[in-house]
Every structure is written in C-alpha cells, then in structure tokens.
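Structural overview for review
As a plain string of letters, each chain reads:
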Amino acid sequence: MSGASERSRELPREVWETVFASLDSEADLEPLSAVCKQFRAIADGLRASLSVPDHLAPHLPSLLSRLASLRSIDLSTFRGDPSGVLLQIARSRLPLLERLDLSNRQCLRLDGLREMGSRFGALRVLVLSRVALLQDSDLVSVAGCFPMLEELDVSYPELSPSARVTDRGVSALSRKLTRLSRIDVSGNQFVSDQSLIALSVNCPSLREIGFRDCGFITQSGIASLIKNRPELVSLAANDIVLAILYEELGDSFGCARGLRSLDFSRSFISDGLLMSVAEANIPLKSLVLSHASGFTFDGIQEIVLKHGGIEVLDFEAVSFLTDHYMGAICEVLPGLTSINVSLCSRLTITTLYGLVRRCPRLKDIKMERTNLKKYGANETGIAANSQVRSLNISRNAKMTDECLRKIARTCPNLRYLNVSCCAEITGDGIMGVLESCREIKHLEISHCRSTANLCFDFELPQLEVLQAEGSGLNDQQLAAIGRRCCHLKRLDLPNCLNVSAVGVKEAVSQCRTLREINLRDFERDGGGEFRFGAETGPRFTGLDHDRKSAKWRAPPNEPTTAMFARRHADGLPRRHGHKLINHHGDKSRGISYFSKTSLMKEWAIASVVPVLSLSEFKFVPLFLRMISTSFRKVDVVS
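Residues numbered from 1 in each chain as written. Predicted model: local features only at pLDDT ≥ 70, side-chain atom pairs only at ≥ 80, totals over all residues. Heavy atoms only, no water.

Turning our attention to the overall build of the protein chain. Scanning the protein chain for helices and strands turns up 23 helices and 23 strands. Here the protein chain holds 638 residues, and the buried ones make up 55% of them. Sequence separation of 24 or more characterises 74% of the internal contacts of the protein chain that already satisfy a separation of 6 or more. With the model as given, the accessible surface of the protein chain reaches about 26,600 Å², and the carbon-plus-sulfur share is 49%. (Helix = DSSP H or I, 4+ residues; strand = E, 2+ residues; numbered from the N terminus. Buried < 20%, exposed > 50% of the residue type's maximum accessible area, 1.4 Å probe, protein only. Contact = heavy atoms within 4.5 Å. Areas by Shrake-Rupley, 256 points an atom, 1.4 Å probe, with all protein chains shown as cover.)

Where burial is concerned, most of strand β9 (residues 261-265) is hidden: four out of the five residues are buried. The pairing of strand β8 (residues 234-238) with β9 spans five bridges and is classified as parallel. Along β9, the bridge assignment pairs A237 with F264. For β9 and strand β10 (residues 286-288), the ladder comprises three bridges, and the chain directions are parallel. Pairing of L262 across the sheet is with L287, part of β10. As for the winding sense of the linkage, the β-α-β connection from β9 through helix α13 (residues 271-279) to β10 is right-handed. (Pairing = 2+ DSSP bridges. Right-handed = clockwise from strand over helix to strand, strands pointing away.)

Taken together, the buried positions of helix α10 (residues 193-202) are D193, S195, L196, A198, L199 and S200. The inward-facing, buried residues of α10 contact α9 (167-176), β6 (182-184), β7 (208-210) and α11 (219-228).

One pass over the full model with this rule turns up six aromatic pairs. Taking the centre distance of 6.3 Å and the plane angle of 65 degrees together, the rings of W16 and F20 count as edge-to-face. Taken together, the residues W16 and F20, both in helix α2 (residues 13-21) and four residues apart, mark about one turn of the helix. Look at W16 and you get partly exposed, because its relative accessible area is 23%. A residue is classified by how much of its surface remains accessible, and F20, at 4% relative accessible area, is buried. The interplanar angle of 80 degrees and the centroid separation of 5.6 Å between the aromatic rings of F295 and F320 together place this pair among those described as edge-to-face. Of this pair, F295 sits in the loop between β10 and α14 (297-306) while F320 sits in the loop between β11 (312-314) and α15 (323-332), placing them 25 residues apart in sequence. Accessibility expressed as a relative area gives 6% for F295, which makes it buried. Aromatic rings pair up to connect F295, F297, F320 and Y325 into one cluster. (Phe/Tyr/Trp six-rings, centres within 6.5 Å; stacked < 30°, edge-to-face > 60°.)

The buried fraction of β8 is high, at five of five residues. The side-chain alternation of β8 yields two buried faces, one formed by S234, A236 and N238 and the other by L235 and A237. Sheet topology note: the β7/β8 ladder contains three bridges and is parallel. Opposite I209, over in β8, you have L235 as the bridge partner.

Tallying each qualifying case throughout the model produces 20 salt bridges. Residue D81 is joined to R109 by a salt bridge in which the shortest nitrogen-to-oxygen separation is 2.9 Å. Here the residue D81 occupies a position in the loop between β2 (72-74) and α6 (82-90), and R109 occupies one in the loop between β3 (99-101) and α7 (110-119), the gap between them amounting to 28 residues. For D81, a relative accessible area of 41% gives the class partly exposed. For R484, the salt bridge identified is with E459, shortest N-O distance 2.9 Å. Of this pair, R484 sits in helix α19 (residues 475-484) while E459 sits in the loop between β16 (442-444) and β17 (465-467); the two residues are 25 residues apart in sequence, bridging distant segments of the chain. (Salt bridge = Lys/Arg side-chain N within 4 Å of Asp/Glu carboxyl O.)

Right, let's get into the nonpolar core. With 155 residues, the main nonpolar core has I89 and F211 as its most contacted residues. The leading source of residues in this core is helix α16 (residues 349-358), at five residues. Core analysis: the next-biggest nonpolar cluster, separate from the first, contains five residues, L29, F39, I42 and A43 among them. (Core = buried A, V, L, I, M, F, W, Y, C linked by side-chain atoms within 4.5 Å.)

All right, on to the confidence of the model for the protein chain then. For the protein chain, the mean per-residue pLDDT works out to 79, and 78% of the residues sit at or above 70. Note on residues 524-638: pLDDT under 50 across the span, and 273 contacts to partners over four residues away in sequence or across chains. (pLDDT = per-residue confidence, 0-100.)

Before going further, it helps to examine unusual backbone geometry. Even without glycine at this site, N104 takes up a positive phi of about 65 degrees. With respect to the helices, strands and loops of the structure, N104 is situated in the loop between β3 and α7. Positive phi outside glycine occurs at R369, with the angle close to 55 degrees. Along the chain, the position of R369 falls in the loop between β13 (364-366) and β14 (390-392).

Within the secondary structure, E439 is located in the loop between α18 (427-436) and β16. With 22 residues separating them in the primary sequence, E439 and P461 have C-alpha atoms 8.5 Å apart. When sequence neighbours within four positions are dropped, the list of residues in contact with E439 reads L414, R415 and Q462.

Moving on, we come to the packing of α7 against helix α8 (residues 136-145). Running from N to C, α7 and α8 point in directions that differ by 20 degrees, and their axes come no closer than 9 Å. When the interaxial angle is binned, α7 and α8 end up roughly parallel. The way α7 lies across α8 gives a crossing that is right-handed. Contacts from L110, L113, R114 and G117 in α7 reach D138, S141, V142 and C145 in α8. Taken together, the residues of the contact of α7 with α8 break down into four nonpolar, two polar and two charged. (Axes fitted to C-alpha atoms, helices over the stretch in contact; angles between N-to-C directions. Parallel < 35°, antiparallel > 145°, perpendicular 65-115°, else oblique. Left-handed = near helix turned anticlockwise from the far one by under 90°. Nonpolar A, V, L, I, M, F, W, Y, C, P; charged D, E, K, R; others polar.)

Pasting the structure below:
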C-alpha cells in the first residue's frame, strides 16, 4: 500500500521536462542532473550547447553519445589541436547540430573540418573569429566543406605578410555559399569594396554584414551593397569618412527596404547623411553612432522624428548631448528598450530620470562617466520603471550615496548594476540599493574603496555574481557575503588589500554554490599560505586554471555529465565537493610561493579533483610526487 502511495506521488516525466525547460539558463541543469538518473536523462535531453575546455576532450565521446540534442558546440576555449576533437564530433550522432565555434586558433586545420563537412555538411553557423594565419585558400576550403552555411564569422584574424584574406578569397567564397545570410569580415584590412559587391551579387539571401576596421572600404562600396541588396537588415561599419561627397551613399538609402540596424561607430558623418537615412522608408530599430563625429543634434532629431519605432540607441561619447536634447529624444521614442550615453559629460541625473519616466519599455541604461551627482535635478514627477533590468552608472566620480539610493528607487527590478569607480559611494549607498532592488543578480563595485561600513544584515538570495576588484571589502564582510548570498556563483576579488585567505576561506565554506573565484594578485596572509581544507571547499563541477587571469574557476557551460564521466573513468567518488589549495605567486610582485612544509603538511585535496592545472609553482617535482596517487591528470603550465 505504501509503495503504491509513493508511486502515486511521483510526477510524470513530461511534467519534469516542462519544469526543467522553464529554467533561466542551461547552467541551472547541472545541479539537477546530479539528483538521480531520471533528472540526468532529462537534463541531457534539454542541453542544446556544449563548451569543450581542454580537460573535457578525453571524455567527449561518452558525452556526445548522451547529449543527442546538441545544436551548438564551442571550441573557442580549447587550447590544443582541435583536429582530434573534430573527428570525435564527426563520428557522433548529432542530428540537430547547426553551430560550430572554432575561434582563437593559431591556424585553421582543414583535416578535421573536412571530416566534419562530410558528416555535417548542413551546418548553418560557423565561427572562425581571431584565427591566426587565415588566408584566401582557407575560405575556399571552408565553403567547400560546408556549402549550406548561412552564417559565417571570419572577423579579426591575426594578420601576417604571408597569410591574409583578400577580395579574391571573399569573392570565391561568395560564389560557393549562395545561402549566406550573415557574414562578418571585420578586421580583414585587405578587404575592399570589391568584396562587398561580390557578396551582394552572389548571395541573394544576404541580410546582415559587418565590416568594421576594413580600411579599404568606401562609401561607394557601401552604396553598391545597399542597392544590390535592398532587403539588407543590418549594416555595421566604422572609421569611414562619410561627410564629404556623401550623395551616392545618401541616395542608396532610398533603395533600402528592410534596414533595421545601422552602425556608423567612429565614423565622420554629416547631418546630410543622417537626414537621408531619416527620409528613407526603412523600419529602423537600432542606431549606433558611438564615438562618431561631424554631425549635430539636427541630424539626430530628424532621424528620431521620422523613425519613432527606434528601440536601441548608442550615442556613446557624442559630446554635444545635453539634458535638453535627451528630453526631446525621450518624448518621441516611447518604445526605447536600450540606450547608451556613456562618456557624455554634459548629461546629469535629469536625463536618467527622464529616460525612466518617459520610456516605459526601457530595459538597459548605460550612463558610464557622465555627470551624475546629488544636485541639479528637478525631482518633481519622478516615477519608477519596473522594466529596467540593467543599469551601468560606473565612473561617476561625483555621485553620492543619496543620489544612488534615489536612482535605485526608480529602478526597483534591476538584475544588473555597475557602480564601479564611484569614489564617493560608500557601503551605506550600496546597501540602500540592495534593499530597494532585491532582484539584483550581478553587482559590480570594483574600486569602490569606501566600503568599511558595508553591512550585510539581510539575505540576498538572488545575487549570483559579485565583482569587487580593488574594493575595500574585508574578511568580515566577505564572510557575511558567504552567509547571506546563498546562490552566489562568481566572486571577483583581485587587488582587495583588506581581504586575506581567512576571509576567502570563510566565504567559500559558507557558500556552496560558488563556481568561480578570481584572486589575481592576491596578497599573502600572516602565514604566507592560502589553503582550503577538505571540509570547506567550494562546490565546483570542474576545476581549471587560467594563467592569464590567475583564477580558479569551474569551466563555463560544462555539464554535470562531464563531471560524472571524469569520476567514473577515474574511479573517483561521486560528490560535488571539489577541494582546492589555491595560490598564484610571483616574487616580483611580493607574493609568496607555497613553502615545502605547507605543501607536505596541509595537502587537503585527496582524490577529489581529477584535473588540476598549476602555474609558477616552486617545488613542482615534489608536488607531482605528492599527488601522483590522487590525480589521473596534472597539467603544469610553464
């Protein structure tokens, strides 16, 4: 009877699948997949993306056999030769795979790509950003391997005299990839107008194109592109002089019919060109003039008056903007959802209040390094906007606690707040924000040094990321953060002079959800040692060491299935508690190394962490001998 009663309380698998599918991100699936086999199977079936760091590669075949619903695989953080990994992917059964990211390569290895092309010729999206030694022949080979590509990113390769992408390669690629709808060739300095014309003629489905930092592209080439592809949706260029003889480009906007996003960052443009855009019959939704010059408010006003449906504005460093001008923009753009007016030094808190009050759909506000301060604002008619989710008001040196608290009350549902480098902000102001905005998930208080009075005396269950580089946080406050922030996943503490290993250890022992701790340039404590005992380690699903940023972290997007695969393969216990001893030292910076005695006496990792990377360690041979029985893989970064 009791068995039947227990079964009656079990939810059907379909119900659990609906619950899991409603989670905010795939990262939330990791702890659930460790509960039971059924949850793991459901989580595996819902996972659509996989990032492959170095230590995951040996276990990739078993993972791929279980994650049959993968749509995207990211190898951008994989540092080894990707050929073997690509062969493993090619031999797996992934019927839904449509995206592959091979960014940050020293060179493009075509053998693995050819194998991938033979099995996944219908791949839709390929990212080859920041690939060194990329050349024309590589583009031709890529087009041959993946003839069904719809999106291709070959932006910002490492240029060399012997290897570079030119118009010849782009033209050949365009003739083979006739389904191409989006391409980014930014940073390819030898690409010219000829490439734009070839793409516009040979790719009838082309809708989005980026060609930032391409010095040989002129307004004549852009005009030809728009005329040949009037259905173009997005156009992104920069560093182009468009103020002289702009008539050809201005006339081309009359041919455009689908242009929704226009980016002329860091370009020299004229009011005449902006007025040509205003007169065009296009459904403009996004206008980016960041760091652009040569125009006045007359040009901007003409555009916003004619295109009242604009949702995204980026006017960063447009220095002539004032509160009066921004008030006029707010009046005619009630549907605005995102605005960036950072580095506009004439804007005050009046602009912020006006945006919040007059733009009810606004979600993202960036007012970094403007002129936010206590006085100078008309506070009559201030209204709260519950739609604002992200607010960046960093580097406002004159902003006070009182000003910050008033801003927080106008944006009660914030998820992200950045008040870094605000010299007059103290702990009282930060706590006032946290009291008013209980939904904050990501808080940045870097270089806010007046935080001695910061008192965490209430729960902050929503906070997941705290970036406090160079702040005045101390050990007691860090321990309180560990107790009050029960879902904290990432903690950045570089250059925090008042924090010692004691405070970090206490925070880690209190908060079991921590996945990443950044301790770059961490100063030694009184004993010169930084240790975590077996009972106090953070609950990581994996451990990796990034030498450049010197931080211990859980690999991003690594599924819990990878954790199980490693532990089962190594015969290690199934548990989450990865314990670590963390120290990154450099004598030139006055930071101590581990001592021989501390290594022998305080070793507490035991056989829990299967993968460990170390850099700049003294006594490495001794260290390796000590842990040879506890680890299957040790990576010493030299």
